[in-house]
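The lines below spell out each chain.
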Amino acid sequence: MSFSVTEPTVFDLRAYLLNLLKEGHGPDGRLPTERELSEKTGASRRTIRRVLSTLEAEGLVWRRQGKGTFAGPPIEPVEALAAEIGEGADLIEVMEARLCLEPEIAALCATRASPEDVARMWTLARHVYEVEDDEMTELWDSALHRHIAHCAANRPLQIAFSLLDDTRSSSDWHTARRRARSKQSLKESHDQHVAIVSAIEAGDANAAREAMRMHLLSRITAMSDALGSLGLPEAAEAALIEARPLG
């Protein structure tokens with residue numbers, strides 16, 4: 001991966017680090033130091049630390065004070081297919097596909113997640129809400145949804161989810177999400193994340209499915225409004241109207 005003269009985005013850095021993890025770096029799985037990564041990518045060490053913190057929260061890397069950063073589990077090789085999806089589908093289509101997939105992933109997750117898995121979900125959800133940076137909000141949000149997909153413990157579904165989630169790195173996605181984001185929407189999204197993780201923690205598959213469905217429907221609406229779209233597909237719009245409280 002080559003970098004431009006401008007500082008890479010956090011998603012550029014994530015992709016670069018995932019590639020290092022996939023290829024293996026060092027005999028003991030050790031990644032380059034922050035200084036080496038900064039020299040190679042042109043990113044500040046602060047930005048590198050922030051991206052590494054999301055990978056560590058997902059369990060993809062682990063760090064030991066004074067020793068360095070080390071590779072965790074293997075990474076799925078989905079970059080090429082994800083790029084094709086990103087080029088051929090518009091953003092609302094991607095969200096529609098997520099709406100078809102992620103509620104069932106959440107339901108499976110509710111039956112399979114361990115207490116340790118759920119503890120990590122709470123940590124990720126807190127970071128999504130507390131970080132004060134558009135790019136990092138998106139990266140932490142992606143990390144939470146990826147972890148839920150991982151805990152569903154269904155490899156084909158996890159790969160399908162990864163293909164969709166990797167479209168978040170596009171500039172169009174970030175523009176639309178930034179337009180749709182506000183203090184109110186962040187609070188709404190956080191409340192929805194709390195509902196999702198609470199249902200998973202309770203082992204309630206139906207509640208997890210419905211909480212994820214409502215979360216994605218609200219995000220589709222916000223993104224559609226931000227893009228100036230003509231509206232949602234009829235089925236999605238009807239479902240959202242039906243779910244809204246009266247009065």
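Residues numbered from 1 in each chain as written. Predicted model: local features only at pLDDT ≥ 70, side-chain atom pairs only at ≥ 80, totals over all residues. Heavy atoms only, no water.

It is worth spelling out the state of the cysteines at this point. Under the defined criterion, the tally for this structure stands at zero disulfides. In this structure Cys151 is not part of a disulfide, and its nearest cysteine sulfur, from Cys109, lies 4.9 Å away. (Disulfide = S-S within 2.5 Å.)

So, on to the environment of Thr6. Summarising the element assignment, Thr6 is placed in the segment before helix 1 (10-23). Thr6 gets classed as exposed once you look at its relative accessible area, which sits at 52%. In this structure, the C-alpha to C-alpha distance between Thr6 and Gly42, residues 36 residues apart in sequence, is 7.7 Å. (Helix = DSSP H or I, 4+ residues; strand = E, 2+ residues; numbered from the N terminus. Buried < 20%, exposed > 50% of the residue type's maximum accessible area, 1.4 Å probe, protein only.)

Quick look at the nonpolar core now. Most often, soluble globular proteins keep nonpolar side chains buried together rather than apart. In terms of nonpolar packing, the biggest core is built from 60 residues, with Cys109, Met121, Ile148 and Ile200 touching the most fellow members. At the level of secondary structure, the elements contributing two or more residues to this core comprise helix 1, helix 3 (45-58), helix 5 (91-112), helix 6 (115-130), helix 7 (134-151), helix 8 (155-165), helix 10 (183-201) and helix 11 (205-227). At 11 residues, the largest contribution of residues to this core is made by helix 5. In contact with Ile200, other than residues within four places in its own chain, are Ala106, Cys109, Ala110, Ala113, Val118, Met121, Ile148 and Ala208. (Core = buried A, V, L, I, M, F, W, Y, C linked by side-chain atoms within 4.5 Å. Contact = heavy atoms within 4.5 Å.)

Considering every residue of the protein chain, the mean pLDDT works out to 82; 78% of them sit at 70 or more. Here residues 239-247 is modelled with pLDDT under 50, and outside its nearest four sequence neighbours on either side it reaches nine contacts, counting other chains as well. (pLDDT = per-residue confidence, 0-100.)

The next subject is helix 8. Taken together, the buried positions of helix 8 are occupied by Phe161, Ser162, Leu163, Leu164 and Asp165. Sitting at the head of helix 8, Asn154 places a side-chain oxygen 3.0 Å from the backbone nitrogen of Leu157. (Polar contact = N/O pair within 3.5 Å; in protein donor to acceptor, adjacent residues only side chain to side chain.)

At a closest axis distance of 8 Å, the pairing of helix 6 and helix 7 adopts a crossing angle of 160°. Here helix 6 is positioned roughly antiparallel relative to helix 7, judged by the angle of their axes. Crossing hand, helix 6 versus helix 7: left-handed. Residues Asp117, Arg120, Met121, Leu124, Ala125, His127 and Val128 of helix 6 form the contact with helix 7, whose participating residues are Thr137, Trp140, Asp141, Ala143, Leu144, His147, Ile148 and Cys151. For the contact of helix 6 with helix 7, the per-class residue count stands at nine nonpolar, three polar and three charged. (Axes fitted to C-alpha atoms, helices over the stretch in contact; angles between N-to-C directions. Parallel < 35°, antiparallel > 145°, perpendicular 65-115°, else oblique. Left-handed = near helix turned anticlockwise from the far one by under 90°. Nonpolar A, V, L, I, M, F, W, Y, C, P; charged D, E, K, R; others polar.)

Between helix 5 and helix 8, the shortest axis-to-axis distance is 10 Å and the interhelical angle comes to 145°. Helix-helix and strand crossings are classified by hand; for helix 5 and helix 8 the assignment is left-handed. On the side of helix 5, the interface is formed by Val94, Ala97, Arg98, Leu101, Glu102, Ile105 and Leu108, while helix 8 contributes Leu157, Ala160, Phe161 and Leu164.

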